[in-house]
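Chains, contacts and geometry: an overview
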Amino acid sequence: MSYAIIGFGNIGQALAKAFVRKGIEVSVATTRDPESFASAAAAIGPEIIPKKLADAVKADTIFLAVRFESHREVAKALPTWEGRTIVDVTNAYGVPPEQLGGQPSSKFVAQSFIGGRLVKGFNHLGASVLDQDPAVHGGRRVVFLASDDDGAAAEIGALAENLGFSPIKLGGLAEGGLLVQARGNSWSQLIFKDLVKFD
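As a starting point, this report considers the structure included with it. Since the model is a prediction, treat every value here as computed from it, not as a measurement.

Another point: the nonpolar core. By size, the foremost hydrophobic cluster in this structure holds 33 residues, and its most contacted members are Ile 5, Leu 15, Phe 19, Ile 48, Phe 63, Phe 122 and Phe 165. Residue assignment for this core shows that the elements contributing at least two residues are strand S1 (3–6), helix H1 (10–21), strand S2 (26–29), helix H2 (38–44), helix H6 (127–130), strand S9 (139–147) and helix H7 (150–162). Top element by residues in this core is H1. It accounts for six residues. The residues contacting Ile 5, other than those within four sequence positions of it, are Gly 12, Leu 15, Ala 16, Phe 19, Val 26, Ser 27, Val 28, Ala 29, Phe 63 and Ala 65. Counting 25 residues, the second-largest nonpolar core is a separate cluster that includes Val 57, Ala 75, Ala 92 and Phe 108.

Written as structure tokens, this is what we have:
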């Protein structure tokens, strides 16, 4: 299984650190030349591999950690996303609901990734929290997942556990996705809720 993070801002770097903590290799890419962020990637750890966007999107699992407005540009990198799982880490804050056709933001994003399996996840925590070790006082930090594809949700749930998080599946994008999205000038109920699960 291969992994890539598209976007290397605060959220992308926080995700990269989660992979490094567990020694899991992950590619990172932006729309810029990889040389422009190679030193920042190296500072996080040797498991972080800077790549061109066209190469990074060939991974099995792609974390979409770009600005919401940039998701279409990323989607154009491949003619089909068949066989790939996309983890939508974006938030559509400031995007009027009518621009989304009244849909949950992740359903709107999914339309651009033709053939791909989309999971909404890892987006409800602020970068400064996501950046921290998910092991907290003997428990594990919760990440919420929503998807219309149960297999994809299970796959990302297993990855979240490998990264040290405690995944909680919220159901489909039209139900669970609504609980962890930003849209217009509002944040949904579970955004920014930093929860820890104790086994």
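Neighbouring strands of a sheet are bound in pairs by backbone hydrogen bonds; such pairs are parallel or else antiparallel. An order of S6-S11-S12 is seen for the three strands of this open sheet, with the pairing classed as mixed. For this open sheet the edge positions go to strand S6 (92–93) and strand S12 (186–187), each flanked by a neighbour on one side alone. Judged from the two bridges that link them, S6 and strand S11 (residues 182–184) form a sheet pairing that is parallel. When the bridges of S11 are listed, Ala 92 appears paired with Arg 183.

Tallied over the full model, the rule gives nine salt bridges. Between Asp 88 and Lys 120 there is a salt bridge; the shortest N-O distance is 3.5 Å. Separated by 32 residues along the polypeptide, Asp 88 in strand S5 (residues 85–88) and Lys 120 in strand S7 (residues 117–121) bring together distant segments of the chain. In terms of burial, Asp 88 and Lys 120 fall into one category: buried. We note a salt bridge from Arg 117 to Glu 155, for which the minimum N-O separation is 2.5 Å.

Attention shifts here to the environment of Ala 43. Looking at the secondary structure, you find Ala 43 in helix H2. Between the C-alpha atom of Ala 43 and that of Ala 56, which follows or precedes it by 13 residues, the distance is 19 Å.

Counted as a void, the largest pocket has a volume near 530 Å³. In terms of lining residues, the largest pocket is bounded by 30 residues, among which Ala 65, Val 66, Arg 67, Phe 68 and Thr 90 are the most central. Of all elements in the fold, only H1 and helix H4 (71–75) reach the threshold of two or more residues within the lining of the largest pocket. Here the lining of the largest pocket gets three residues from one element, more than from any other, and that element is H1. Across the lining of the largest pocket, the residue classes break down as 15 nonpolar, 11 polar and four charged.

On to the environment of Ser 39. With respect to the element layout, Ser 39 can be found in helix H2. Look at Ser 39 and you get exposed, because its relative accessible area is 58%. For Ser 39 and Pro 50, which are 11 residues apart along the polypeptide, the C-alpha to C-alpha distance reads 9.4 Å.

Now for the packing of aromatic side chains. Considering all chains together, one arrives at nine aromatic pairs under this definition. Measuring from ring centre to ring centre gives 5.5 Å for Phe 8 and Phe 37, while their planes differ by 45 degrees; the resulting arrangement is tilted. Placement of Phe 8 in the loop between S1 and H1 and of Phe 37 in the loop between S2 and H2 is noted, with a sequence separation of 29 residues between them. With respect to class, Phe 8 is no different from Phe 37; both count as buried. Ring centres of Phe 19 and Phe 63 lie 5.8 Å apart, and the angle between their planes is 90 degrees; on these two criteria the pair is classed as edge-to-face. In this pair, Phe 19 is assigned in helix H1 and Phe 63 in strand S4 (residues 61–64), connecting sequence segments 44 residues apart. The burial state of Phe 19 is the same as that of Phe 63; both residues are buried. Aromatic rings pair up to connect Tyr 3, Phe 19, Phe 63, Phe 122 and Phe 165 into one cluster.

Conventions adopted
- Residues numbered from 1 in each chain as written.
- Predicted model: local features only at pLDDT ≥ 70, side-chain atom pairs only at ≥ 80, totals over all residues.
- Heavy atoms only, no water.
- Core = buried A, V, L, I, M, F, W, Y, C linked by side-chain atoms within 4.5 Å.
- Buried < 20%, exposed > 50% of the residue type's maximum accessible area, 1.4 Å probe, protein only.
- Helix = DSSP H or I, 4+ residues; strand = E, 2+ residues; numbered from the N terminus.
- Contact = heavy atoms within 4.5 Å.
- Pairing = 2+ DSSP bridges.
- Salt bridge = Lys/Arg side-chain N within 4 Å of Asp/Glu carboxyl O.
- 1 Å grid on protein atoms, 1.4 Å probe; cavity = no way out; pocket = protein on both sides within 12 Å on 5 of 7 lines; lining within 4 Å.
- Points joined across faces, edges and corners; volume = space filled by probe spheres on them.
- Nonpolar A, V, L, I, M, F, W, Y, C, P; charged D, E, K, R; others polar.
- Phe/Tyr/Trp six-rings, centres within 6.5 Å; stacked < 30°, edge-to-face > 60°.

These results come straight from atomic positions and should not be treated as a statement about function.
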